[in-house]
Amino acid sequence: MNIAIMGAAGRMGRMLVKEVTMTDGCRISGATGREGSSLIGVDVGELAGVKALGVAITEDPAEVIARADAVIDFTTPAATVDHTRLCAQANAVHVVGTTGLGKDDEAALELAARHAQVVYAPNMSVGVNLLLALTEKVASILGGDDYDIEIVEMHHRHKVDAPSGTALGLGKAAAKGRGVDHDHAAVYSREGHTGARVPGKIGYATLRGGDVVGEHSVIFAAAGERIEITHKATDRRIFAAGSVRAAKWARSQPYGLYTMRDVLGLD
């Protein structure tokens, strides 16, 4: 299976290159880097610390996607939208781990999924997707406004978006389980004299520092008790492994928009 890595020069991109080269039946067929990067033209295997693969990093995503059976994409929202259109034209699987996508960006993925298999998840980790499923289930069982829902996440100092895509995914899972509109229920910050907590809201708290790969907790707090569900990532390889697993799974599926819950059979 020919797999292309978008943003291959980044930390996640290099991890993905390693994971693909270690996966039976898969090989790197292409790789892209940022326009103007000094790493354009470098062998992506040597950059990732594996071996020379004879695949140079290029600025041209169209050329790379045209040769791929699947594309794994951890880049930026704008770049991901361009990539998903190219994947639809090439009938290539598009695995999207990019965070920070807005509603218009997600609509572009839905449109592309008419002509390709698209797997889009806020987090590609098997454990995190189990956490998403558990959050929805617990929220549906507890229900009502007796339990306040708070989501706490922490990442390394270099992360540029907040709350994380995974945290937002957890909030949406909780809202779905409770049967409410997430955008109406979400509270992203608190400062100053806020007054008492409004019943039914889903709160977010964001922490940044050090080299934390990713930690997420969903807290269900009521009078007399508190339920906490937590996932802590210590190695980015879990995201790479999940992404390659998603690419292999999606290749045999009909065109459509999927999540990691579909890949793992959690639904």
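Residues numbered from 1 in each chain as written. Predicted model: local features only at pLDDT ≥ 70, side-chain atom pairs only at ≥ 80, totals over all residues. Heavy atoms only, no water.

**A few points about the UniProt feature "binding site: (S)-2,3,4,5-tetrahydrodipicolinate" (unreviewed entry) in the chain**
Put simply, the test is: UniProt positions are given in the numbering used here, feature names are shortened, and annotations may be inferred rather than shown by experiment. Using only the protein atoms, space was sampled on a 1 Å grid; points where a 1.4 Å probe fits but cannot get out form cavities, open sets with protein on both sides within 12 Å along at least five of seven lines form pockets, and lining residues are those with an atom within 4 Å of a point. We count a stretch as a helix when DSSP gives it H or I for four or more residues in a row; a strand needs E for two or more, and each element gets its number in order from the N terminus. Partly exposed residues are those whose accessible area sits between 20% and 50% of the maximum for their type, while under 20% is buried and over 50% is exposed, using a 1.4 Å probe and protein chains only. Any two residues whose heavy atoms approach within 4.5 Å are treated as being in contact.
Here, UniProt's "binding site: (S)-2,3,4,5-tetrahydrodipicolinate" (unreviewed entry) annotation points to His156, Gly165 and Thr166. Filtering the just-named annotated residues for those lining the largest pocket gives His156, Gly165 and Thr166. When you line up the elements, Gly165 lands in helix H7 (residues 165-178). Under the relative-accessibility criterion, Gly165 is labelled buried at 12%. Setting aside its immediate chain neighbours within four residues, Gly165 contacts Thr99 and Pro122.

**Observations concerning helix H6 (residues 126-142)**
Cut-off, in case you're wondering: Multiplying one less than the number of residues by 1.5 Å gives the expected span of a helix. Two N or O atoms count as a polar contact when they lie within 3.5 Å, although within protein this holds only if one can serve as hydrogen donor and the other as acceptor, and sequence-adjacent residues are included solely when both atoms are side-chain atoms.
Helix length check: H6 (17 residues) gives 24 Å between terminal C-alpha atoms against 24 Å at 1.5 Å per residue, within 8%. Looking at H6, one finds that the buried residues are Val128, Asn129, Leu131, Leu132, Ala133, Thr135, Glu136, Val138 and Ala139. Those residues of H6 that are buried lie in contact with H7, strand E10 (214-222), strand E11 (225-233) and helix H10 (260-264). Structurally, the start of H6 carries an N-cap: the backbone nitrogen of Gly127 is 3.1 Å from a side-chain oxygen of Ser125.

**Observations regarding the sheet that holds strand E8 (residues 186-187)**
Note the threshold: When DSSP locates at least two bridges between a pair of strands, those strands are taken to pair. Angles here are taken between N-to-C directions and fall from 0 to 180 degrees, while the axes themselves are lines fitted to C-alpha atoms, restricted in helices to the stretch in contact.
One open sheet accounts for 5 strands, arranged E8-E9-E7-E10-E11; its pairing is mixed. For this open sheet the edge positions go to E8 and E11, each flanked by a neighbour on one side alone. As judged from the 7 bridges shared by strand E7 (residues 148-155) and E10, these two strands associate in the antiparallel manner. In the sheet register, Asp148 faces E10, and the bridge partner there is Ala221. Against the sheet, H6 engages E10 and E11, with an angle of about 165° to E11. Against the sheet, H7 makes contact with E7, strand E9 (202-208) and E10, and its axis sits at roughly 165° relative to E9, the strand it touches most.

**A closer look at helix H4 (residues 77-90)**
Counted at 1.5 Å a residue, the expected span for H4 with its 14 residues is 20 Å, and the 20 Å between its end C-alpha atoms agrees. For H4, the complete set of buried residues consists of Thr80, Val81, His83, Thr84, Leu86, Cys87 and Ala88. Buried residues belonging to H4 abut strand E1 (2-6), helix H3 (61-66), strand E4 (70-73), strand E5 (93-96), helix H5 (103-112) and strand E6 (117-120). Asn91 sits one or two positions beyond H4 and adopts a positive phi of about 55°.

**Describing the pattern of salt bridges**
Using the following cut-off: Salt-bridge detection follows one rule: a side-chain nitrogen of Lys or Arg within 4 Å of a carboxyl oxygen of Asp or Glu.
Going through the model one piece at a time under the given rule, you end up with 12 salt bridges. A salt bridge links Glu63 to Arg67; its shortest N-O distance comes to 3.2 Å. Of the charged contacts, one joins Lys159 and Asp161 as a salt bridge, the two residues approaching to 3.1 Å between their closest N and O atoms. Take Lys159 and Asp161: they sit in the same class, and that class is buried. Three or more residues joined by partner-sharing salt bridges are found here, namely Asp148, Glu150, Arg190 and Arg197.

**Some details on the nonpolar core**
In plain terms, the rule: Note on terminology: a nonpolar core comprises buried Ala, Val, Leu, Ile, Met, Phe, Trp, Tyr and Cys residues joined through side-chain atoms within 4.5 Å.
Ranked by size, the top nonpolar core spans 35 residues in total, and within it Ile5, Val44 and Val95 carry the most contacts. With 6 residues, the top contributor of residues to this core is helix H9 (residues 237-250). What Ile5 contacts, discounting residues up to four positions off in sequence, is Gly13, Leu16, Val17, Val20, Ile28, Gly30, Ala31, Thr32 and Ile72. Counting residues in each nonpolar core, the second largest holds 20 residues, with Ala139, Ala186, Phe220 and Ile229 among its members.

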